[in-house]
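The primary structure of each chain is shown beneath.
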Amino acid sequence: MKAAVPLLHIDNLHLTMRSFEGEAHVLNGVDLALERGEIWGLAGETGCGKSITGLSVSRLVKTPPAQYRGGRILFDGQDVLGLSERAMRHLRGRAISMIFQDPSTNLNPVLRVGEQIADVAYEIGRHAPEVLGLDERAGHLRRRRAARALAVQMLERVGIPDAARRAQDYPHQFSGGMRQRVLIAMALVGQPRLLIADEPTTALDVTLQAQILDLLSGLVRDSGTAVLMITHNLGVVAQICSHVAVMYAGHVVEAGPTRSVLQSPCHPYTRALLAALPRPGMARGQLTNLPGRVPDLIHPPPGCRFAPRCARASSACAQQTPAYRDVSPTHRVACLHPHEEGA
Ligand SMILES: Nc1ncnc2c1ncn2[C@@H]1O[C@H](COP(=O)(O)OP(=O)(O)OP(=O)(O)O)[C@@H](O)[C@H]1O
Ligand SMILES: [Mg+2]
């Protein structure tokens, strides 16, 4: 049964970005709703607005050059775009946390690994002492000690052997896969309700990638945390996501349960992405069967932005952005000429 208010509802979000060449229409009515415990993949080609969408939820997009032109981002029913920076800091790290692609840019090279996790835990514990297993009467020293103990526990949970000793190491003493585990530990230490993971495994080799994805899905399954997993890789989506939203040029063109979308893709763009799933010998990001390129966002094509590349497009497609139609009660597609389900 669906909850009355989704945990996260991105509702018709529009964003432009000022640049040297002009104003780019980066997000064009993004629409997405996540329930508790769901793992959503946000997929699409480079530049389609995945990261900007994720960063918007944590309000980490700089305005200017960006400007929100309409829509809302409701977290637990509250519009984060209207929150003060102070209220937002409260949400970030605690209720909403993020993991970014490159672990080397997210860990401080001169601080011990355990200390960095403990710092995050301590900071969260100032407003939420229960995270540290304490009540609000606990003093600084007890909190500090509890934060250190929690850091070691978290390292254990993400599979770092000999965690108490390794907590004393510096980031350069960890391998890339271990650093990514540290970032996961850091992101989950505050028991967030929503985790936004932006290409968390792209920098890793395939075996490590599978291990990290398994770890992540296990940890969130246990806690009920909802996840927005940003990735250009539909293989990652198939491996761990319960749902997927396919984005093209700032718009979600198809969304629904992973199995339904990947087995019965209805949008011509989703089909093209699937046809381009990496095979040996293929350049990364290369799309087969899909002529043309991502549209110029400063002068986007009218109507459906995919129409200029779409073999099924008619003149009506250039008139207006197609409304969503339901493929099933949980699977929707924004296309005037979708493929029939199963066809
Ligand atoms: N600071 C910025 N100034 C100007 N344009 C920007 C800025 N940041 C992003 N953009 C533009 O916004 C669009 C969306 O970028 P975004 O980073 O969200 O793409 P993405 O889908 O995450 O791509 P990738 O798969 O490469 O990470 C791109 O066209 C990009 O050029
Ligand atoms: Mg990105």
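All values derive from a computational prediction rather than experimental measurement.

Definitions and limits used
Residues numbered from 1 in each chain as written. Chains lettered and ligands numbered in written order. Predicted model: local features only at pLDDT ≥ 70, side-chain atom pairs only at ≥ 80, totals over all residues. Near = placed C-beta within 6 Å. Helix = DSSP H or I, 4+ residues; strand = E, 2+ residues; numbered from the N terminus. Nonpolar A, V, L, I, M, F, W, Y, C, P; charged D, E, K, R; others polar. Pairing = 2+ DSSP bridges. Axes fitted to C-alpha atoms, helices over the stretch in contact; angles between N-to-C directions. Core = buried A, V, L, I, M, F, W, Y, C linked by C-beta atoms within 7 Å. Buried ≥ 20, exposed ≤ 12 C-beta atoms within 10 Å, placed from the backbone. Domains from an automatic or database assignment. Contact = placed C-beta atoms within 7 Å. Parallel < 35°, antiparallel > 145°, perpendicular 65-115°, else oblique. Left-handed = near helix turned anticlockwise from the far one by under 90°. pLDDT = per-residue confidence, 0-100. Expected span 1.5 Å × (residues − 1).

A. The arrangement of the site of ligand 1 in detail. In the vicinity of ligand 1 lie 15 residues, with Thr 46, Gly 47, Lys 50, Ser 51 and Ile 52 positioned nearest. Of all elements in the fold, only strand E1 (8-19), strand E2 (22-34) and helix H1 (50-57) reach the threshold of two or more residues within the shell around ligand 1. The leading source of residues in the shell around ligand 1 is H1, at 3 residues. Along the lines of polarity and charge, the residues of the shell around ligand 1 split into 7 nonpolar, 7 polar and 1 charged.

B. Summary view of the sheet that holds strand E7 (residues 194-198). Pairing in this open sheet of 8 strands is mixed, and the strands run E6-E7-E8-E3-E9-E10-E12-E11 from one edge to the other. Two strands lie at the open edges of the sheet, namely strand E6 (96-99) and strand E11 (325-328), each paired on one side alone. For this sheet, the mean inter-axis angle between neighbouring strands, taken without regard to orientation, is 20 degrees. Both E11 and strand E12 (residues 331-333) contribute to a ladder of 3 bridges, which runs antiparallel. Residue pairing for E12: Arg 325 is matched across the bridge by Val 333.

C. Fine view of the nonpolar core. In terms of nonpolar packing, the biggest core is built from 95 residues, with Ile 117, Ala 121 and Val 246 touching the most fellow members. Residue-level mapping places this core at the junction of two domains, with at least three residues from each of domain 1 (8-95 + 228-333) and domain 2 (104-191). Setting aside anything within four residues of it in sequence, one finds Ile 117 in contact with Ala 151, Met 154, Val 182, Ala 185, Met 186 and Val 189.

D. Broad picture of the packing of helix H6 (residues 176-188) against helix H7 (residues 206-223). Packing of H6 against H7 brings their axes to within 11 Å, and their N-to-C directions diverge by 15 degrees. Considering their axes alone, H6 and H7 lie roughly parallel with respect to each other. For the crossing formed where H6 meets H7, the hand is right-handed. Here Gly 177, Gln 180, Ile 184 and Leu 188 of H6 lie close against H7, whose contacting residues are Leu 208, Ile 212, Leu 215, Leu 216 and Leu 219. For the contact of H6 with H7, the per-class residue count stands at 7 nonpolar, 2 polar and no charged.

E. Focus on the pairing of E6. The two faces of E6 match: Ile 96 and Met 98 on one face and Ser 97 and Ile 99 on the other face are all buried. In this sheet, E7 lies alongside E6 in parallel orientation, the contact comprising 4 bridges. Bridge pairing links Ser 97 to Leu 195 in E7.

F. Examining the confidence of the model for the chain more closely. Of all residues in the chain, 93% have pLDDT values of 70 or greater, and the mean over the chain is 88. For the chain, the element scoring lowest by mean pLDDT is H7, at 83; strand E10 (residues 251-257) scores highest, at 97.

G. Main features of helix H4 (residues 140-157). Compared with the 26 Å implied by 1.5 Å per residue over 18 residues, the 25 Å span of H4 between its first and last C-alpha is a close match. Those residues of H4 hidden inside the fold are in contact with helix H3 (113-127), helix H5 (163-166) and H6. In the segment just after H4, Gly 159 is the residue with positive phi, at about 85 degrees.

H. Structural view of the environment of Tyr 122. Structurally, the position occupied by Tyr 122 is in helix H3. For Tyr 122 and Arg 305, which are 183 residues apart along the polypeptide, the C-alpha to C-alpha distance reads 46 Å. With near-sequence residues (within four places) excluded, Tyr 122 lies in contact with Arg 143, Arg 144 and Ala 147.

I. Up close: the sheet that holds E2. With antiparallel pairing, 4 strands are arranged side by side in an open sheet as E2-E1-E4-E5. Both edges of this open sheet fall to E2 and strand E5 (78-79), since each of them pairs with a single strand only. Contacting E1, E2 and strand E4 (66-75), H1 crosses the sheet at an angle of about 115 degrees to E1.

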